[in-house]
Amino acid sequence: MDARDCEAPGPPAYDSVAAWWDMVLRNLHLMPHSCSMLGRKIAALYHSFTSKSLKDHIFPPLVDMLIYLNFFNAPFLVDLKKPELKIAHTVNFYLSPEPGVLLGIWHTVPSNRAEDAKGKDRCWYEEALQDGNPIIVYLHGNSQNRAASHRLHMVKVLSDGGFHVLSVDYRGFGDSTGKPTEEGLTMDATYVYEWTKARSGNTPVCLWGHSLGTGVATNAARVLEEKGHPVGAIILEAPFTNMWFVTINYPLLKICQKLPRCLCLLKDAMAKDRIVFPNDENVKFLSSPLLILHGEDDRTVPLECGRKVYELARAAYRNKERVAMATFPPGFHHNFLCKSPMLIHTVRDFLSKQWA
């Protein structure tokens, strides 16, 4: 047999060269159009950059970073899709408040239903929202995600106290998609509350906000109030008056108070990004039962802020019995009211009276 008989047949060399040359000609023909498009894109980017001052490019993203701190996505080695590795009788699921945004949520059932929850899927957890145990939509503070240790501690305390807890990672936090903005976080909280309420039957649903989450909670509560659907109750843990006040008094940013130019830049950046979180204004428009919790030794958000929010709410509410405040002795700081033995009793006593 001739060795040439074993060679795989193929197109003549001429055909390969001709095909290659046709491709070259087509690309050359398209090059002017491609160059024109690239030129327009470069011009648009150049115009976008030069139409703003350097401070407009730098300060708004910097302020966003300092307020939300969502880049610090700790704990880092936790699989948020497997909450059972961190906390018992909990399931992970996702909700989409708008196209392109997916929120990661952990649903922890009350400890008295731990045995029932073993081996159950998300559908069982969703149906359990109608079991009569009160529900808390937990809105955390800035930085970290729903698996942070102090948040897990709080969820466990609430679960042991007989509550369902839905721990929400806002857009841009944890494994939730999107970019955090005040409007976006408010939409997230409102959507999760409405989703929960639609599945809870006659079971009451409460918004619980901690630190940054207090601003999200009152924003969402005000939106729902204006819709004619006031929330079942609101609990504000370590609330501030508004984001401007808490920002300039934040330990890392107190230096700005001595630099007028820095203060102006900070204020302009917050105004540009519409970052307000006005607890002091929102409480004037609410009618839901409102409980404020604050530690005496909170150095992140001083106790005076919580007292101011309480006074404003008390003055605005027609039914004064719907507003209450509890202060906690030194030792719990900003993140650890969950360690106080009086916390769960305070919360349950307040809610039982309001929901009686």
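Scroll up for the structure.
Computed from a predicted model, the values in this text were never measured in an experiment. (Residues numbered from 1 in each chain as written. Predicted model: local features only at pLDDT ≥ 70, side-chain atom pairs only at ≥ 80, totals over all residues. Heavy atoms only, no water.)

Caption draft 1: Just the nonpolar core, in detail. Grouped together as the largest cluster of nonpolar side chains are 50 residues, with contacts concentrated most on Leu-139, Met-243 and Leu-290. The leading source of residues in this core is helix 7 (residues 212–226), at 6 residues. Setting aside residues no more than four positions away along its own chain, Leu-290 makes contact with Ile-234, Leu-236, Val-283, Ala-313, Tyr-317, Arg-322, Val-323, Ala-324 and Phe-350. Counting 29 residues, the second largest nonpolar core, distinct from the first, contains Leu-80, Trp-208, Ala-233 and Val-347. (Core = buried A, V, L, I, M, F, W, Y, C linked by side-chain atoms within 4.5 Å. Buried < 20%, exposed > 50% of the residue type's maximum accessible area, 1.4 Å probe, protein only. Helix = DSSP H or I, 4+ residues; strand = E, 2+ residues; numbered from the N terminus. Contact = heavy atoms within 4.5 Å.)

Caption draft 2: Quick look at the pairing of strand 5 (residues 205–210). Taken across its 6 residues, strand 5 has 6 buried, putting it largely inside the fold. Covered by surrounding structure in strand 5 are Val-205, Leu-207 and Gly-209 together with Cys-206, Trp-208 and His-210, the residues of both alternating faces. Where strand 3 (residues 135–139) and strand 5 come together, 5 bridges link them in parallel fashion. Bridging from a neighbouring strand, Val-137 pairs with Leu-207 of strand 5. With 5 bridges connecting them, strand 5 and strand 6 (residues 233–237) associate as parallel partners. Each bridged residue has a counterpart across the sheet, and for His-210 the counterpart in strand 6 is Glu-237. Taken together, strand 5, helix 7 and strand 6 form a β-α-β motif whose crossover is right-handed. (Pairing = 2+ DSSP bridges. Right-handed = clockwise from strand over helix to strand, strands pointing away.)

Caption draft 3: How the structure looks around the sheet that holds strand 2 (residues 101–108). The sheet built from 8 strands is open, its strands ordered 1-2-4-3-5-6-7-8 with mixed pairing. Both outer strands of the open sheet, strand 1 (90–98) and strand 8 (323–328), are each paired with one neighbouring strand and no more. Each neighbouring strand pair of the sheet contributes to a mean axis angle of 20 degrees, computed without reference to strand direction. Pairing of strand 3 with strand 4 (residues 164–168) involves 5 bridges; the strand directions are parallel. Counterpart to Ile-135 in the pairing with strand 4 is His-164. Here helix 12 (residues 343–354) sits on the sheet and contacts strand 5, strand 6, strand 7 (290–295) and strand 8; the angle it forms with strand 7, its principal contact strand, is near 165 degrees. (Axes fitted to C-alpha atoms, helices over the stretch in contact; angles between N-to-C directions.)

Caption draft 4: Quick peek at helix 11 (residues 303–316). Its 14 residues place the ends of helix 11 20 Å apart at the C-alpha level, agreeing with the 20 Å of an ideal helix rising 1.5 Å per residue. On its buried face, helix 11 sits against strand 6, helix 8 (243–248), helix 10 (279–282), strand 7 and strand 8. (Expected span 1.5 Å × (residues − 1).)

Caption draft 5: Structural context of helix 12. Given a rise of 1.5 Å per residue, 12 residues ought to cover 16 Å, and the 17 Å separating the end C-alpha atoms of helix 12 matches this to within 8%. Every buried residue of helix 12 is listed here: Leu-343, Ile-344, Thr-346, Val-347, Phe-350, Leu-351 and Gln-354. Buried residues of helix 12, seen end-on, are gathered within an arc of 160 degrees and therefore sit on one face of the element. Buried residues belonging to helix 12 abut helix 5 (149–160), strand 5, strand 6, strand 7 and strand 8. (Arc of directions from axis to C-beta.)

Caption draft 6: Highlighting the pattern of salt bridges. Summed over all chains, the structure comprises 13 salt bridges. One salt bridge connects Arg-113 with Asp-116, and the closest N-O pair in it is separated by 3.4 Å. Given a relative accessible area of 37%, Asp-116 falls into the partly exposed group. One connected set of salt bridges, linked through shared partners, spans Glu-98, Arg-171 and Asp-188. (Salt bridge = Lys/Arg side-chain N within 4 Å of Asp/Glu carboxyl O.)

Caption draft 7: Structural detail: the side chain of Thr-90. Within the secondary structure layout, Thr-90 lies in strand 1. Reaching out from Thr-90, the side chain makes a polar contact with the backbone oxygen of Ala-88 at a distance of 2.8 Å. Non-local contacts of Thr-90, meaning those with residues more than four positions away in its chain, are made with Pro-83, Trp-106, His-107, Thr-108 and Tyr-125. (Polar contact = N/O pair within 3.5 Å; in protein donor to acceptor, adjacent residues only side chain to side chain.)

Caption draft 8: Expanded view of the pairing of strand 8. Both strand 7 and strand 8 contribute to a ladder of 6 bridges, which runs parallel. Residue Leu-293 lies in a different strand from strand 8, and its bridge partner there is Ala-326. As for the winding sense of the linkage, the β-α-β connection from strand 7 through helix 11 to strand 8 is right-handed.

Caption draft 9: Broad picture of the environment of Pro-61. Note on placement: Pro-61 falls in helix 2 (residues 54–68). Residues Pro-61 and Met-270, 209 residues apart in the sequence, show an inter-C-alpha distance of 9.9 Å.

Caption draft 10: Examining the environment of Arg-274 more closely. Mapped onto the elements, Arg-274 comes out in the loop between helix 9 (260–272) and helix 10. The class of Arg-274 is exposed, set by a relative accessible area of 62%. For Arg-274 and Glu-182, which are 92 residues apart along the polypeptide, the C-alpha to C-alpha distance reads 7.2 Å. Look past the residues within four positions of Arg-274 in its chain and what remains in contact with it is Glu-182 and Glu-183.

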